[in-house]
Protein chains: 2
Amino acid sequence: MDPAVVGRRVRALREERGISLSTLARLAGVGKATLSGLEHGTRNPTLETLWAVTAQLGVPLTAVLAEPAATPTVHGAAVTATLLEVFTDADATYELYRMRVAPGPGQLSPAHQPGVTEHVTVFAGVLRAGPADAPLTAPAGGHLRWVSDVPHSYTAVGDEEVAASLLLRYPRR
Amino acid sequence: MDPAVVGRRVRALREERGISLSTLARLAGVGKATLSGLEHGTRNPTLETLWAVTAQLGVPLTAVLAEPAATPTVHGAAVTATLLEVFTDADATYELYRMRVAPGPGQLSPAHQPGVTEHVTVFAGVLRAGPADAPLTAPAGGHLRWVSDVPHSYTAVGDEEVAASLLLRYPRR
DNA sequence: GGCTGTCGTTCCATAAACGGAACAGTCAAG
DNA sequence: CTTGACTGTTCCGTTTATGGAACGACAGCC
């Protein structure tokens, strides 16, 4: 992470709108010194400060945070998954992944916590996945679901790479 | 913006991974007091702190900041859907949505082109959806699938808002 | 020339976020 | 029961982010 990048984006957004540092500081209710240091990357701003500034600029917080696009969390050799979204409700937290499974030998993943379930919707290719001792198979358009508190596997059937969405559901304890 | 929401997400992500507050604090190189206060929402964390924690959790900063809100394409009164991804392969085009259905009267959507299918995975709440004359019902964790070349409906059963993922499959003609 | 306004930076006392240590609570082993 | 390792919270001294004030620089105007 690079605070200088965040600072450059804030400054760029401010100058796009043609307002001065002094004015933005006053509107956002932060000190000029704070905003100056933030734009220079010489400070380590507080969430509250960054929020006040970006809200006044009319952009979401995420617009100024330097993100390496996505976060390719490589599960292993055959599977690559990128986290699309995390959300929580009263009963559970969910992680939604976009998943690709390369053809060839599959991949084994260790067990998760008790009660965790996985939900897969296959976009393309044919996927065999589920508990390692009893995997299920789904073609494009199909859907799989299993309790993943045991070791489980992902395998692409045939030569085509599998594209799917993977939803991990973690019940609240 | 609500620091308590950020804190809840951090805690949820940590507990999903089954690691203790003490361990995460040590791995992320922050104090336990800092992490405790962050999870409770009683602190106003620094970007550096939040970055260290989320990086250790393996999620982007945006995952804990309360604003995904990329492209809200409001289907109508009861249903709001945000497009997460578009995917095309040799046979079809897919659109993956995150969908919310508000409790109360449902919503009717007109027919799509012939051959279009919808696949819904319910995360929370109970959803009744499908062809208007023969809707299907699925609880949290359930999955629905229908050919949507006829008018179809979405209705939340009960008082709870429904969260779901919606996959639209458009066959290539 | 002086005067006035605004620009962005720097100085500085205050407030608060920080990490380490001490704390009570829980669980398992002996 | 005692011990030990662990949990998460709270206390507290240190570090640092904060906002107001002072600063020099520049522009327009008299």
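As the structure is a prediction and not an experimental result, all values here were calculated from the model.

S.K.: I'd like a rundown of the overall build of chain A, residues and numbers included.
M.R.: Assigned secondary structure in chain A consists of four helices and ten strands. The buried share among the 173 residues of chain A stands at 47%. In chain A, once contacts between residues fewer than 6 apart in sequence are set aside, the share between residues at least 24 apart is 62%. For chain A, the accessible surface area stands at approximately 7600 Å², while carbon and sulfur atoms represent 54% of it.

S.K.: Pulling in residues and values, what's your account of the sheet that holds strand β4 (residues 107–109) of chain A?
M.R.: Residue and element names in this part refer to chain A. Taken in spatial order, the four strands make up an open sheet running β4-β9-β6-β7, and their pairing is antiparallel. Strands at the two margins of the open sheet, each flanked by one partner only, are β4 and β7 (136–138). Within this sheet the neighbouring strands show an average axis-to-axis angle of 20°, counted without direction. Where strand β6 (residues 126–131) meets β7, three bridges bridge the pair, whose relative direction is antiparallel. In the strand pairing of β7, Ala-129 is matched with Leu-136.

S.K.: Got a sec to walk through the protein's contact with DNA strand D? Specific residues and values, please.
M.R.: Around DNA strand D, the structure places 20 residues, and the nearest of them are Arg43(A), Thr49(A), Ser20(B), Leu21(B) and His40(B). Contact between DNA strand D and Thr46(A): a phosphate oxygen at 3.1 Å from a main-chain N or O atom of the residue. Looking at the surface near DNA strand D, the elements that each hand over two or more residues are α3 (32–40) of chain A together with α1 (3–16), α2 (21–28) and α3 (32–40) of chain B. Ranked by residues supplied to the surface near DNA strand D, first place goes to α3(B) with four residues. Grouping the constituent residues of the surface near DNA strand D by class yields five nonpolar, eleven polar and four charged.

Calculation notes
- Residues numbered from 1 in each chain as written.
- Chains lettered and ligands numbered in written order.
- Predicted model: local features only at pLDDT ≥ 70, side-chain atom pairs only at ≥ 80, totals over all residues.
- Heavy atoms only, no water.
- Helix = DSSP H or I, 4+ residues; strand = E, 2+ residues; numbered from the N terminus.
- Buried < 20%, exposed > 50% of the residue type's maximum accessible area, 1.4 Å probe, protein only.
- Contact = heavy atoms within 4.5 Å.
- Areas by Shrake-Rupley, 256 points an atom, 1.4 Å probe, with all protein chains shown as cover.
- Pairing = 2+ DSSP bridges.
- Axes fitted to C-alpha atoms, helices over the stretch in contact; angles between N-to-C directions.
- Near = heavy atom within 4 Å.
- Polar contact = N/O pair within 3.5 Å; in protein donor to acceptor, adjacent residues only side chain to side chain.
- Nonpolar A, V, L, I, M, F, W, Y, C, P; charged D, E, K, R; others polar.

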